[in-house]
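Observations on the model geometry
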Amino acid sequence: MRIRPFVALTIACVAALNPYAKTSAQQEETNPAQALRQLHAAEIHAHISHVVIVVQENRSVDNFFMGLPGADTVQQGMTPNGPVALRPVDLDFPADIDHQHKAFVAQYDDGKMDGWTRADTLPRQAATFPYAYVPEREIRPYWEMAQRWTFADRMFQSNTGPSFPAHLYLVAGESAFAANNPNKIETSQYAWGCDSPRDATVSVIDPDGLEVPGPFPCFNFRTLADVMDERGVSWRYYAPGIHQLGFIWSAFDAIRHIRYGAAWSNIVSPETRVVADARAGNLAAVTWVVPTARNSDHPFPRLKSASDIAVRGQYGPEWVRSIVNAIGEGPDWNSTAIFVVWDDWGGWYDHVAPPVLDRMGLGFRVPLIVISPYARRGYVSHVQHEFGSILRFAEDAFNLPSLDTTDARSDALYDCFNFNKAPDRFEPVTSGRRISLTFDPAPDSQPADTDF
């Protein structure tokens, strides 16, 4: 294999960039794949000083990007009775599909990928409702990002359940085997980690792969934030305030030593502050951003209450566009990698059977868009990725040791980048969707999540 000119360095130079790289004598004894891995890590470290992880909600690849040129998507899905055509559904259609662990088991159907007619919906819809896609015109900014930069059609959720464990995987590469959302999410209680009602519990997956009752949803396992604190690497987690629905997607609320420690000062509310910080060049080394309900892409039933109007429109594509444009037009663009990822499949159909790697996953495919001045232009990655891939990329960018969770088995998304070129000049993402209300990134109040 011919090594790119940029990385045709002496091993001593690579070691200077990456303290985990080996000397030339050691390199001779190293597996060639490991040597290339070290060179890739050195390139990431040399070019990337800011990693931004924007987490959206509840969409599969087939549901959001059906027909994207070059991507592996389908126009029909399998049921036990044969194929059915995927039908269009509005981004904010008011129905939520079951996406608990049990729903995954039914839909996966031992790898036959035909069980979506068994999914419950709220309110009840036709059995084939999950066999649907959102038209491009509804989410045009996402398609523009995916077609301009890199789209990954083999990004798998690391777990097989809904948001609570999925968000933990995005900060730690594990969830302490938590399988579902805590069982005490109430209209008056928006938090769902250490701030949950005292009698809340969360189910777990046992060593036999069975879902069983588990503990209070407040844990003490290590996260990427802990590793960064130990190494003096800055981080922030932008999330809605505790009295807003989006706070239930705030993963660090479930990590006891962060929730009740000094590091809680890195949790920034309102989440819209990320836009001003990006424009001012005030990004941390690693940034997570989670949305409010109406900016999340999460389908919400109409709850027939006065507050219901807050979720009758979905502005997720506009919200993400505002973040990307703020970073692109700010001073940190040339050293930034942005990962726009969806936390779980939301119950929507997807045709690709996920590999089985452990008792927790992998789960179904979710979209991933990679945006950077070094992201491959107009590229579709068919390489297998999972949430640990994002963590591993961040570890490489800042020479951090592995968490030894899913990051250890994951790639670092290297195929999505081309570091052998000058950084691309940023061009703003435009809005292609006509909406009746002006996009307003200000905080809003929401009804309770129905996230099954």
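These remarks concern the structure in this document. (Residues numbered from 1 in each chain as written. Predicted model: local features only at pLDDT ≥ 70, side-chain atom pairs only at ≥ 80, totals over all residues. Heavy atoms only, no water.)

Comments concerning the packing of aromatic side chains
Here is the rule: Stacked, edge-to-face and tilted labels apply to pairs of Phe, Tyr and Trp rings (six-membered ring for Trp) whose centres lie within 6.5 Å, assigned for plane angles under 30 degrees, over 60, and everything in between, in that order. The helix count covers DSSP runs of H or I at least four residues long, the strand count covers runs of E at least two residues long, and both are numbered beginning at the N terminus. Classification of residues uses two cut-offs on accessible area relative to the type maximum, computed with a 1.4 Å probe and protein chains only: under 20% is buried, over 50% is exposed, and between them is partly exposed. In this analysis the charged atom, NZ for Lys or CZ for Arg, is taken to sit over a ring once it is within 6 Å of the ring centre and within 35 degrees of the ring normal.
In total, this model carries 34 aromatic pairs according to the counting rule given. Pairing Phe104 with Phe364 gives two aromatic rings, centres 4.5 Å apart and planes at 40°, and the pair type is tilted. Linking Phe104 in helix H5 (residues 101-108) with Phe364 in the loop between strand E15 (336-342) and strand E16 (368-371), this pair joins segments that are 260 residues apart in sequence. Grouping residues by exposure puts Phe104 and Phe364 together as buried. Within the aromatic cluster, the residues linked to one another by ring pairs are Phe104, Tyr108, Trp116, Tyr131, Trp345, Tyr349 and Phe364. A cation sits over an aromatic face here: Arg259 above Trp264, 4.4 Å from the ring centre.

Details of the nonpolar core
Selection rule: For this analysis, a nonpolar core means a set of buried residues of the types Ala, Val, Leu, Ile, Met, Phe, Trp, Tyr and Cys, connected via side-chain atoms within 4.5 Å. Here a residue-residue contact requires only that any non-hydrogen atoms of the pair lie within 4.5 Å.
Counting residues in hydrophobic clusters, the biggest one holds 115 residues, and the most contacted among them are Trp235 and Phe252. Top contributing element to this core by residue count: helix H7 (residues 163-172), with 7 residues. What Phe252 contacts, discounting residues up to four positions off in sequence, is Val171, Thr223, Ala225, Trp235, Tyr237, Ile258, Arg259, Trp264, Ile267 and Trp288. Phe104, Tyr108, Trp116 and Trp345 belong to the second-largest nonpolar core, a separate cluster that totals 11 residues.

Quick word on the packing of helix H3 (residues 32-47) against helix H12 (residues 387-397)
Applied cut-off: Each axis is a line fitted through C-alpha atoms, taken for helices only over the stretch in contact, and angles between the N-to-C directions span 0 to 180 degrees. Roughly parallel covers angles under 35 degrees, roughly antiparallel covers those over 145, roughly perpendicular covers 65 to 115, and oblique covers all other angles. All residues other than Ala, Val, Leu, Ile, Met, Phe, Trp, Tyr, Cys, Pro, Asp, Glu, Lys and Arg, Gly among them, are scored as polar; the first ten of these are nonpolar and the last four charged.
Between H3 and H12, whose axes approach to 7 Å, the crossing angle comes to 75°. What the angle tells us is that H3 and H12 run roughly perpendicular. Counting all contacts with H3, which are made through Arg37, Ala41, Ile44 and His45, the residues of H12 involved are Arg392, Phe393, Asp396 and Ala397. For the contact of H3 with H12, the per-class residue count stands at 4 nonpolar, 1 polar and 3 charged.

Description of the sheet that holds strand E14 (residues 286-289)
Just so we agree on the cut-off: DSSP bridges decide pairing: two strands pair if at least two such bridges lie between them.
Read across the open sheet, the 8 strands follow the order E13-E12-E14-E1-E15-E16-E8-E17; overall the sheet is mixed. Of all the strands in the sheet, the pair left with one neighbour each is strand E13 (267-268) and strand E17 (379-381). Sheet analysis places strand E12 (residues 235-238) next to E13, joined by 2 bridges and oriented parallel. Bridge pairing links Tyr238 to Val268 in E13. Contacts from helix H8 (residues 224-231) reach E12 and E14, with the element oriented near 150° to E14. Along the sheet, helix H11 (residues 316-328) makes contact with strand E1 (50-56), E14, E15 and E16, crossing E1 at roughly 175°.

Focus: the packing of helix H6 (residues 140-148) against H11
Closest axis-to-axis distance for the H6/H11 pair is 8 Å, and the angle between their directions is 45°. Taken together, the axis directions place H6 and H11 in an arrangement best described as oblique. Residue-level contacts link Pro141, Tyr142 and Met145 of H6 to Gly316, Pro317, Glu318, Val320, Arg321 and Val324 of H11. A class-by-class count of the residues in the contact of H6 with H11 yields 6 nonpolar, 1 polar and 2 charged.

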